[in-house]
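Structure at a glance
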Amino acid sequence: NGGTLYLYEMPLHSIQRDIFSSSRALENKAVFENWITSRNIRIIYNHDFYYTDKDFPDTWHLGKDRRDEFTRLLFNSIEKAQSPHRAEK
């Protein structure tokens, strides 16, 4: 219906990030990246959001003192992706 699908890279606690670093996970990631590339689906990378494990009070969710910042930066990245110049990749 004319919508555009964007995926985004989520900030992860190091415990979660380590899970996605296994050889199986990296193979799956490569297959997935090929699939989304073949369908012109963009991934939004939030390179301006710096965080540490301390920002995840339960290792799963960003703390309430950081979630709004991430959401704002993500929104700005999506707006840039929708601009006619497609400035960010």
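Scroll up a little and you will see the structure.
Residues numbered from 1 in each chain as written. Predicted model: local features only at pLDDT ≥ 70, side-chain atom pairs only at ≥ 80, totals over all residues. Heavy atoms only, no water.

With the rule as written, the count across this model stands at four salt bridges. One salt bridge in this structure joins Asp55 and Arg66, with 2.8 Å as the shortest N-O distance. One end of the pair, Asp55, is in the loop between β2 (42–44) and α3 (64–82); the other, Arg66, is in helix α3, with 11 residues separating them in the sequence. The class for Asp55 is buried, based on a relative accessible area of 13%. Arg66 gets classed as buried once you look at its relative accessible area, which sits at 13%. The shortest N-O distance in the salt bridge between Asp68 and Arg67 comes to 3.9 Å. Among the residues examined, Asp68 registers a relative accessible area of 54% and is labelled exposed. (Salt bridge = Lys/Arg side-chain N within 4 Å of Asp/Glu carboxyl O. Helix = DSSP H or I, 4+ residues; strand = E, 2+ residues; numbered from the N terminus. Buried < 20%, exposed > 50% of the residue type's maximum accessible area, 1.4 Å probe, protein only.)

Don't take any of this as a statement about function, it's just geometry.
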